[in-house]
Amino acid sequence: MAFGVGEWKTIARAGFGVAMLGVLAGSAFADDALKLTELSPNGADACFGRIYDAAHLKAHPKQKVARIFFYYGHDPVSRPNEEPTANSDTSYNAFIATTVRGAKAPEWAGGWCNRESEDGKTGPIHCGMECDRTLASLKVDDKRGLFLSDLQPDIYLDAGSEEELGAAEYDRQALGSEDDNFRLDPMPAATCKAEFARIDPIDPALGPPLRERLKPDQAFCYGRDYDAAHLGSHPDQLTQSIRVFRGPVELASFASGGDAANWPDGADIAVSVTTRQKSAEVTQTYSCQGEADQWRCAASPKMSDFSCDIAQKEIFLKRGADGTMMLANPNSSLAIVDLCSKAADGKTKSDDKIYRLQPMPQSACSP
């Protein structure tokens, strides 16, 4: 392993946001956005929020939320990311960020808001999110304050989490019994943007996203070779060398069937590895799509036949500091093992979970 697992943000935790963004992008279209004039009379992004003082929190011991902000408009969460630019104006239009007592940063959820009526012009305002869940119900008072209700205690948890986590852990992670029926004050849009920016501050050393750094019609090569000293200090690592690349075959595949406007969705990459046990190089192809700040790349049978369905074998690519590329292999999806063997079932057991890869000349990735 090139560095500690803790340096890669938890894939499982990020998965909730990623899955949600994908569903939302398909559920709320640009021509539906910013039509609720009560929230945004002039069509501009609108911000509402409230920060509770110590006296209020002392008087409401069952309220966990110390800060709450509701944002209606264009995405305040996105930062230099990997999602295709073609999708940037076809997404959700409502966002909630809450910070519970003692937390250093907010949690957030996004959705879309519409009136609960057939004509979409009358009735109460309901904000939904993925899997037919409720984000919130809204009402604006005569002073332009926002009354927010129906905030679900498990808004940041997966469906069915109470059964999976158990009552005690669910209560710890869920919002409190008094975390509902908030009255929020109108605030400048910049205030909400600053609040959402606290969730995951941008590291300037990471530079532009991979989808900007790596062009649809350009080859690339990243890799690493591990020396005897490194392998000696990592006895559970199988990988001796690794390459991630797009060459003539991958470029031709995207040129014939890909859409540059949706880059990197549909981009093929190849990953070649050698291991301590086998000096022969093994290459596996993956098909990628951009999700939040990473590429999710599923193993593809294009190069050879498989006795099993390998579509669930996924790796993840992220931009690293100073021009590097990070590769995560959380679930035995690299060809350091037979992808159809029992050894490839479940989480990666060896010390081959995360790699920090350096840019290399294309000749270093020749098949």
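Please refer to the structure higher up on the page.
These numbers were taken from a predicted model, which means no experiment stands behind them. All residue numbers here refer to positions counted from 1 along the written sequence of the relevant chain. Only residues with pLDDT of at least 70 get local features here, since the model is predicted, and only at 80 or more are side-chain atom pairs given and counted; chain-wide, interface and lining totals rely on the full set of residues. Each side-chain value is worked out from all heavy atoms of the structure, with water and hydrogens disregarded.

Caption draft 1: Region of interest: the overall build of the protein chain. Of regular secondary structure, the protein chain possesses 8 helices and 16 strands. When accessible area is computed with a 1.4 Å probe and restricted to protein chains, residues below 20% of their type maximum are described as buried, those above 50% as exposed, and intermediate ones as partly exposed. In the protein chain, which comprises 367 residues, the proportion classed as buried is 43%. Residue contacts follow a heavy-atom distance rule, with two residues in contact if any of their heavy atoms lie within 4.5 Å. If you take every contact in the protein chain between residues at least 6 apart in sequence, the share linking residues at least 24 apart comes to 62%. Only the protein chains shown count as cover for residues, and the accessible areas themselves come from Shrake-Rupley with a 1.4 Å probe. As presented, the protein chain carries roughly 17900 Å² of accessible surface, and 53% of it is formed by carbon and sulfur atoms. A helix here means a DSSP run of H or I that spans at least four residues, while a strand means a run of E at least two residues long, and both kinds are numbered starting from the N terminus.

Caption draft 2: View of the sheet that holds strand 12 (residues 282-291). Spatially, 9-10-11-12-13-14-15-16 is the arrangement adopted by the 8 strands of the closed barrel, whose pairing is antiparallel. Each strand axis lies, on average, 30° off the axis of its neighbour in the sheet, ignoring direction. Only strands joined by at least two bridges in the DSSP assignment are considered to pair. Bridge count for strand 14 (residues 314-319) against strand 15 (residues 325-328) is 4 bridges, and the pairing is antiparallel. From the neighbouring strand, Leu317 faces strand 15, where its bridge partner is Leu327. Axis lines are fitted to C-alpha atoms, over the contacting stretch for helices. Their N-to-C directions set the angle, which ranges from 0 to 180 degrees. Strands strand 10 (239-246) and strand 11 (267-275) of the sheet are contacted by helix 8 (residues 248-257), whose axis makes an angle of about 160° with strand 11.

Caption draft 3: How the structure looks around the packing of aromatic side chains. By convention, a stacked pair of Phe, Tyr or Trp rings (six-membered ring in the case of Trp) has centres within 6.5 Å and planes under 30 degrees apart, an edge-to-face pair has planes over 60 apart, and any other such pair is tilted. Per the counting criterion, the structure on display carries 7 aromatic pairs. Ring geometry for Phe95 against Trp108: centres 6.4 Å apart, planes inclined by 35°, an arrangement best described as tilted. On the criterion of sequence distance, the pair formed by Phe95 in strand 3 (residues 94-100) and Trp108 in strand 4 (residues 107-115) is long-range, its members being 13 residues apart. Each of the two residues, Phe95 as well as Trp108, counts as buried. Arranged with centres 5.6 Å apart and planes meeting at 90°, the rings of Trp263 and Trp295 form a pair that is edge-to-face. One end of the pair, Trp263, is in the loop between helix 8 and strand 11; the other, Trp295, is in strand 13 (residues 294-299), and 32 residues separate them in sequence. Relative accessible area serves as the criterion here: at 4%, Trp263 is assigned to the buried category. One aromatic cluster is present, formed by Tyr71, Phe95, Trp108 and Phe196 through successive ring pairs.

Caption draft 4: Expanded view of the sheet that holds strand 6 (residues 133-140). Read around the closed barrel, 8 strands run 1-2-3-4-5-6-7-8, paired in antiparallel fashion. The mean inter-strand angle of the sheet, taken between neighbouring strand axes irrespective of direction, is 30°. With 4 bridges connecting them, strand 4 and strand 5 (residues 125-129) associate as antiparallel partners. Directly across from Asn114, in strand 5, lies its bridge partner His126. Across the sheet, helix 5 (residues 189-197) lies against strand 1 (46-51), strand 2 (65-72), strand 3, strand 4 and strand 8 (182-187), angled at about 120° from strand 2, the strand it touches most.

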